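Here is what each chain is made of, one letter per residue.
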Amino acid sequence: MQEIAPAGVLDYSSRWPNLNALGAFNGYGWPANAVGNFREHLAAYAAQLTTISPFIQYGTNLSISNLNGADGLRPQPKINHHALGITEEETEDLAEAFEHIWQEWASSPFSDRALQAPFGVQTATAVRRAYDSGEALLSIDWTPRLGSRFGTTVHYVEPQRIARAGVIQQPPGSPNQILQGVETDPNGQIVALYLMPRMPQPGHQHAVIYNPAGKRHDAVTPWGRPLLKLSVLDRRAPNVNRGISPIASAIVRAFQLDQLTDLNLQQQAAQLAVAWALTTDLSPQEASGAIISAEERQERFLARLDEIETTLKTNPVKLPDGGKLSVLPTGSKLEAVKASAPTQGYDIFNKRLLTELARAFAISYSELTGDFSQDSFSSAKMSGEGPWSIVYRRRAEFLAPLYQTAYEAVIEEAVAKGYVELPGDVSFYGDRAALLNCAWIGPTKPIIDPAKEASANDVELSNGSTSLAQIARERGTDWRDTIDQRSRELAYAKRKGVDINPAKNSKIEPDGDEPKKPKKGASDDE
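All values derive from a computational prediction rather than experimental measurement.

Draft legend 1. Spatial organisation of the overall build of the protein. In terms of regular secondary structure, the protein is built from 15 helices and 11 strands. Within the protein, the fraction of its 526 residues that count as buried is 38%. Contacts in the protein between residues far apart in sequence, at least 24 positions, make up 70% of those at least 6 positions apart. Accessible area for the protein stands at about 30500 Å²; split by element, carbon and sulfur atoms hold 55% of it.

Draft legend 2. Representation of the pattern of salt bridges within the structure. One pass over the structure, following the stated rule, counts 12 salt bridges. Residue E135 is joined to R242 by a salt bridge in which the shortest nitrogen-to-oxygen separation is 2.8 Å. Note that E135 is positioned in strand β2 (residues 135-142) and R242 in the loop between β8 (228-232) and α6 (248-272), a separation of 107 residues in sequence. For E135, a relative accessible area of 2% puts it in the buried group. One salt bridge connects R432 with E408, and the closest N-O pair in it is separated by 3.8 Å. Of this pair, R432 sits in helix α12 (residues 432-436) while E408 sits in helix α11 (residues 377-416); the two residues are 24 residues apart in sequence, bridging distant segments of the chain. Side by side, R432 and E408 carry an identical accessibility label, which is buried. Linked through salt bridges whose partners overlap, the residues forming this network are D234, R393, R394 and E397.

Draft legend 3. Seen up close, the sheet that holds strand β5 (residues 182-184). Ordered by their spatial adjacency, four strands build an open sheet running β4-β5-β6-β7, and the pairing between neighbours is antiparallel. Edge strands, defined here as strands with exactly one partner in the open sheet, are β4 (177-179) and β7 (215-218). The sheet shows a mean angle of 25° between the axes of neighbouring strands, taken without regard to direction. For β4 and β5, the ladder comprises three bridges, and the chain directions are antiparallel. By the bridge assignment for β5, I178 is matched with E183.

Draft legend 4. How the structure looks around the nonpolar core. Within the largest apolar cluster, 69 residues are counted, with the highest numbers of intra-cluster contacts made by F98, W102, W105, F119 and L435. Membership of the second largest hydrophobic core comes to nine residues, among which are L137, V157, L193 and L230.

Draft legend 5. Here's a closer look at the pairing of β8. Where burial is concerned, most of β8 is hidden: four out of the five residues are buried. Pairing of β2 with β8, which is carried by five bridges, proceeds in the antiparallel orientation. Paired with A136 across the bridge in β8 is S231.

Draft legend 6. Spotlight on the sheet that holds β2. Strand order across the open sheet formed by three strands is β3-β2-β8, with antiparallel pairing between neighbours. The sheet terminates laterally at β3 (152-157) and β8, the two strands that pair on one side only. This sheet shows a mean twist of 20° between the axes of neighbouring strands, independent of strand direction. The sheet strands contacting helix α5 (residues 119-133) are β2 and β3, and the helix crosses β3 at an angle near 20°.

Draft legend 7. Spotlight on the environment of L62. One can find L62 in helix α2 (residues 54-68). Using a relative accessible area of 18% as the deciding quantity, one classes L62 as buried. Between the C-alpha atom of L62 and that of I363, which follows or precedes it by 301 residues, the distance is 8.1 Å. Beyond its immediate stretch of four places on either side in the chain, L62 contacts I363 and E367.

Draft legend 8. A look at the packing of α2 against α5. Remark: α2 packs on α5, axes separated minimally by 10 Å, with the N-to-C direction vectors making an angle of 130°. It follows from the interaxial angle that α2 and α5 lie oblique. When you trace α2 past α5, the crossing you get is right-handed. Listed contacts from α5 to T60, N61, S63, I64, L67 and N68 of α2 are G120, T123, A124, V127, R128 and Y131. Grouping the constituent residues of the contact of α2 with α5 by class yields five nonpolar, six polar and one charged.

What counts, and where the lines are drawn
Each chain carries its own residue numbering, running from 1 in the written order of its sequence. Local features in this predicted model are restricted to residues of pLDDT 70 or higher, and side-chain atom pairs are both shown and tallied only at a pLDDT of 80 or more, whereas totals for entire chains, interfaces and linings draw on every residue. Note that water and hydrogens are dropped before the side-chain values are worked out from all heavy atoms of the structure. Note on conventions: DSSP H or I runs of at least 4 residues are helices, E runs of at least 2 residues are strands, and numbering of each starts at the N terminus. Burial classification: accessible surface area is computed with a 1.4 Å probe over protein chains only, and a residue below 20% of its type maximum counts as buried, one above 50% as exposed, and the rest as partly exposed. Whether two residues are in contact is decided by their heavy atoms, any of which lying within 4.5 Å being enough. Only the protein chains shown count as covering a residue, and every accessible area follows the Shrake-Rupley method with a 1.4 Å probe. Any Lys or Arg side-chain nitrogen found within 4 Å of a carboxyl oxygen on Asp or Glu counts as a salt bridge. Here a strand pair is declared whenever DSSP counts at least two bridges between the two strands. Orientation is described by lines fitted to C-alpha atoms, with helices fitted over the stretch in contact, and by angles between N-to-C directions that extend from 0 to 180 degrees. Among buried residues, those of type Ala, Val, Leu, Ile, Met, Phe, Trp, Tyr and Cys that are joined through side-chain atoms within 4.5 Å constitute a nonpolar core. Roughly parallel means an angle under 35 degrees; roughly antiparallel, over 145; roughly perpendicular, 65 to 115; everything else is oblique. Handedness of each helix crossing follows the sense of rotation of the near helix against the far helix: counterclockwise by less than a right angle gives left-handed, clockwise gives right-handed. All residues other than Ala, Val, Leu, Ile, Met, Phe, Trp, Tyr, Cys, Pro, Asp, Glu, Lys and Arg, Gly among them, are scored as polar; the first ten of these are nonpolar and the last four charged.

Next up, the structure:
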């Protein structure tokens, strides 16, 4: 059933402003209270560490790759055909159509309002920023362009733009509440965000922002089309809608690691230096007599010269041309002294600090350092279980809502423009929840031993304790794509007369003909 979208559903022409105007500003507002200052200080420290610390930078990049992958997450529609009253075959066809629509839109730079990157790359950048601020803000725009059949575009708004008023406010005549720039209804749903404009002119970077409370922007239209989506990384409580850097716990450890490295370098530099000490057989009383006046020192020096001259005349020393002989006082010797450290346990402290840093990024110590020399099969497998469980949770809580918001906007446009035809009496706006339910697939934990994993999958498939969908999801793929690709490969091999079945490994005739049996007694050349 085809539907005509309500007026303004795609271009916001009814009465909801387009957020394109936000790009006309070029500066940030100032924190309005202690909460905002605390959050901004953490974000500043985190941003500094991701810039200057190689471990923090690598941990951030690896964590982003685990969460988002290279091309972003892939949808796996979970359309409820029972609620929609359609057949399973119609459900599969509709799910495949939705996947193709999403792939066409998300894989193109036309999805970006700035025409810079596909949606998955945009989101990876937003995740990087979220490791500083703990949050990401997605804006759904409408920017029709020549060359794309979609007008839906997106861009990520800097989280610093969200107002920071820490006092709970209530709009006049409304039961809603406003806290830290987020307006929620009595049920706790976000209905609007207050965004601070940037500095009006480049020459006024130090001017006080003229509207610290921010300007109100709806988060969703009355008919359900998303406009803004704020997602929080590692939400600390159900009613907390602002984020804090997830690596806040690692900031102190990162600076301690830098201090430890500096101290270690200073120790190594000190050990390279050599000091020479002159030791003597003089008693402490005689040695203390060395502290004498200049006149006495001169007299003793001259007497010592006479002693050295007499010694050399009695026992002459021959040296090569240019050689020099330094003569020490009788009973004295010269010794080399090197710096020594009170402890050599720097590696223990270093490993401990790196382990705590790795935990903040939901990766293992071996992954952070690249040192797998001490890992066995069991330890490598178990060391990834905990971190990857955090990756899956963060993907579901933080990343999937951003993808789902864009997905709903794109499918809505596709239905409104007739790119996808809904079967039966299905209504997009009336059956939105059953129609748009979707799981998001991303990278999965590495397989330590592929042979053992494959053997276990075969056993579980044979006894019915797992499914192709479950196995594919654990590998970050889609079971339909696997079957479709395998079918194409088999068909192509059959046309070429090649049997790619690993169990047979024999050549067959093209077009499906049975292989010809050799004549009895014939040679291999016949």
